[in-house]
Amino acid sequence: MSTTHSASRTTSRTAPRSSARPAARPMPHSSQPAHASAFAATQPPLLRALRGEWSQLRFDAAGFYILFVTAMITVAWSAASSNLVIRYGGEEAAPSARAAISGVFQFAMYGLFIWIARYMLREERTGFAKLKLLSLPNRFAIWVAKWVWLTIVAIVSMMVMALLSTAVTLGSLALTGQPWQRFVGASVAEYLKMGVMITIIAVGTVAFGVAVAIFTNNLSSALTMLFMWVLVIEGMLNGADESTRILYSLLPFKNGTRVFENPPMEWFMWNPTVSVGYFLVVTIGLAALAIALNKSKMTRDE
């Protein structure tokens, strides 16, 4: 028996012991995505929202297709209307550099409305908006980031439309033997003034579209309200009628396009400079109000 006990003690000494400690975890490399996500999490919410919205916007093929179609129709509109003016306008018609970009002010905003409403509300329709709030629980920053990128892209798009409209209009007039020189601006200041007008219209159009999209929170309702406002409400009122002249003076887009359309001074209660300021204050104010109310609604729901 002693021999047996001795053998068991010898076996227990020589048998290898199993380690109970878990294996050491590998240290993450500095180039791994975990560090990038951790860095992004420490950034301000608005900066994170701007980065995320830009990633979505630049890969939005359907949105750029809408802008492309809008640009083509705008260019065709400008060239066709300029040719009609110079052919059938008679001596009373006064072609200028503004006529060559008339489509930018008379049609481009409708395409922008479709593009804005779709981009603002597509996540609401698919339910992706709630999923986005899990990674960035700040609806205010998301709305502002959308507004910023939409404004920048709209300004660039309308500038490109204006350049293409001018080039195609002058080219078509030259090919048909028409006096295309009458459509060239008299000075650099004239072109700079038109650039400022395009920027103002782009800023106001985006702000108004953002406001209506947030207030309605429905794509069909937003598009219906946008087109009804511009085509019906603002389209029906006439500044020549003294009974509706006060209401006419309060219409935002009538004030925004006043410098381009150049209507009679007596149709408005103030000068063109005030009209531009009024247009920007109303449209931007509506967008800011919509975002503020949406933020307070989200806070109450939480």
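Residues numbered from 1 in each chain as written. Predicted model: local features only at pLDDT ≥ 70, side-chain atom pairs only at ≥ 80, totals over all residues. Heavy atoms only, no water.

Some words on the overall build of the protein chain
Part 1 of the reasoning: Regarding its fold elements, the protein chain presents 14 helices and zero strands.
Part 2 of the reasoning: Of the regular secondary structure in the protein chain, the N- to C-terminal order runs α-α-α-α-α-α-α-α-α-α-α-α-α-α.
Part 3 of the reasoning: Every one of the 302 residues in the protein chain was classed for burial, and the buried ones make up 40%.
Part 4 of the reasoning: In the protein chain, of all internal contacts separated by at least 6 residues, the share reaching a separation of at least 24 is 73%.
Part 5 of the reasoning: For the protein chain, the accessible area works out to roughly 17100 Å², and carbon and sulfur atoms hold 67% of it. (Helix = DSSP H or I, 4+ residues; strand = E, 2+ residues; numbered from the N terminus. Buried < 20%, exposed > 50% of the residue type's maximum accessible area, 1.4 Å probe, protein only. Contact = heavy atoms within 4.5 Å. Areas by Shrake-Rupley, 256 points an atom, 1.4 Å probe, with all protein chains shown as cover.)

Examining the packing of helix 4 (residues 61-88) against helix 8 (residues 139-175)
Part 1 of the reasoning: Two elements in contact, helix 4 and helix 8, have axes separated by 8 Å at closest approach and are oriented at 40 degrees. Once helix 4 is placed against helix 8, the crossing between them reads as right-handed. Across the interface between the two elements, Leu-67, Thr-70, Ala-71, Thr-74, Val-75, Ser-78, Ala-79, Ser-82, Asn-83 and Ile-86 of helix 4 pack against Val-153, Ser-157, Met-161, Leu-164, Ser-165, Val-168, Thr-169, Ser-172 and Leu-173 of helix 8.
Part 2 of the reasoning: Classifying every residue of the contact of helix 4 with helix 8 gives ten nonpolar, nine polar and no charged. (Axes fitted to C-alpha atoms, helices over the stretch in contact; angles between N-to-C directions. Left-handed = near helix turned anticlockwise from the far one by under 90°. Nonpolar A, V, L, I, M, F, W, Y, C, P; charged D, E, K, R; others polar.)

Observations concerning the pattern of salt bridges
Any two side chains of opposite charge can pair, on the condition that their charged atoms come close.
Part 1 of the reasoning: A full pass over the atoms with the stated rule returns three salt bridges.
Part 2 of the reasoning: A salt bridge links Glu-53 to Lys-146; its shortest N-O distance comes to 3.2 Å. One end of the pair, Glu-53, is in helix 3 (residues 45-58); the other, Lys-146, is in helix 8, with 93 residues separating them in the sequence.
Part 3 of the reasoning: Residue Arg-122 is joined to Asp-60 by a salt bridge in which the shortest nitrogen-to-oxygen separation is 3.4 Å. Linking Arg-122 in helix 6 (residues 108-126) with Asp-60 in the loop between helix 3 and helix 4, this pair joins segments that are 62 residues apart in sequence.
Part 4 of the reasoning: Judged by relative accessible area, Asp-60 falls into the buried class, the value being 4%.
Part 5 of the reasoning: Linked by salt bridges that have partners in common, Asp-60, Arg-118 and Arg-122 make up one network. (Salt bridge = Lys/Arg side-chain N within 4 Å of Asp/Glu carboxyl O.)

Topic: a nonpolar patch on the surface
Part 1 of the reasoning: Among the surface-exposed residues, Tyr-65, Phe-68, Val-69, Met-72, Ile-73, Val-148, Ile-152, Val-156, Val-160 and Leu-164 lie close enough to one another that they form a single nonpolar patch of about 850 Å² accessible area.
Part 2 of the reasoning: If you list the elements that add at least two residues to the nonpolar patch, you get helix 4 and helix 8.
Part 3 of the reasoning: For Val-160, the position within the fold is in helix 8. (Patch = residues over 30% accessible without salt bridge, like charges linked within 9 Å, V, L, I, M, F, W, Y side chains within 5 Å.)

Overview of the packing of aromatic side chains
Part 1 of the reasoning: Evaluation of the coordinates by the stated rule reveals 14 aromatic pairs.
Part 2 of the reasoning: Measuring from ring centre to ring centre gives 5.9 Å for Trp-77 and Phe-107, while their planes differ by 25 degrees; the resulting arrangement is stacked. With a gap of 30 residues between them, Trp-77 in helix 4 and Phe-107 in the loop between helix 5 (102-106) and helix 6 connect regions that are remote in the sequence.
Part 3 of the reasoning: Residue classification places Trp-77 among the partly exposed residues on the basis of a relative accessible area of 39%.
Part 4 of the reasoning: With a centroid separation of 5.3 Å and 65 degrees between ring planes, the pair formed by Phe-253 and Phe-279 is classed as edge-to-face. With a gap of 26 residues between them, Phe-253 in helix 12 (residues 252-256) and Phe-279 in helix 14 (residues 272-301) connect regions that are remote in the sequence. Accessibility classification places Phe-253 together with Phe-279 in one group, the buried group.
Part 5 of the reasoning: Each member of the aromatic cluster is reached from another via a ring pair, and the members are Trp-77, Phe-107, Tyr-110, Phe-113, Phe-208, Phe-227, Trp-229, Phe-253 and Phe-279.
Part 6 of the reasoning: One residue, Lys-146, lies across the ring of Tyr-119, its end atom 4.6 Å from the ring centre. (Phe/Tyr/Trp six-rings, centres within 6.5 Å; stacked < 30°, edge-to-face > 60°. Lys NZ or Arg CZ within 6 Å of the ring centre and 35° of its normal.)

A closer look at helix 3
Because each turn of an α-helix spans 3.6 residues, side chains separated by three or four positions in sequence point in the same direction.
Part 1 of the reasoning: For helix 3, spanning 14 residues, the distance from its first C-alpha to its last is 20 Å, which sits close to the expected 20 Å at 1.5 Å a residue.
Part 2 of the reasoning: Taken together, the buried positions of helix 3 are occupied by Ala-49, Glu-53 and Leu-57. Relative to the axis of helix 3, the buried residues are bounded by an arc of 60 degrees and lie together on one face. (Expected span 1.5 Å × (residues − 1). Arc of directions from axis to C-beta.)

Observations concerning the nonpolar core
Side chains of a nonpolar character, in soluble globular proteins, are inclined to be buried together.
Part 1 of the reasoning: One finds Trp-115, Met-120 and Val-210 to be the most contacted residues of the largest nonpolar core, which totals 55 residues.
Part 2 of the reasoning: Among the elements that line this core, the one with the most residues is helix 9 (residues 188-216), at 14 residues.
Part 3 of the reasoning: Setting aside chain neighbours within four positions, we find Trp-115 in contact with Leu-57, Gly-63, Ile-66, Leu-67, Leu-150, Val-153 and Ala-154. (Core = buried A, V, L, I, M, F, W, Y, C linked by side-chain atoms within 4.5 Å.)

What to know about the side chain of Lys-146
Part 1 of the reasoning: Relative accessible area serves as the criterion here: at 2%, Lys-146 is assigned to the buried category.
Part 2 of the reasoning: Among the polar contacts listed, one links the side chain of Lys-146 to the side chain of Glu-53, at a separation of 3.2 Å. (Polar contact = N/O pair within 3.5 Å; in protein donor to acceptor, adjacent residues only side chain to side chain.)

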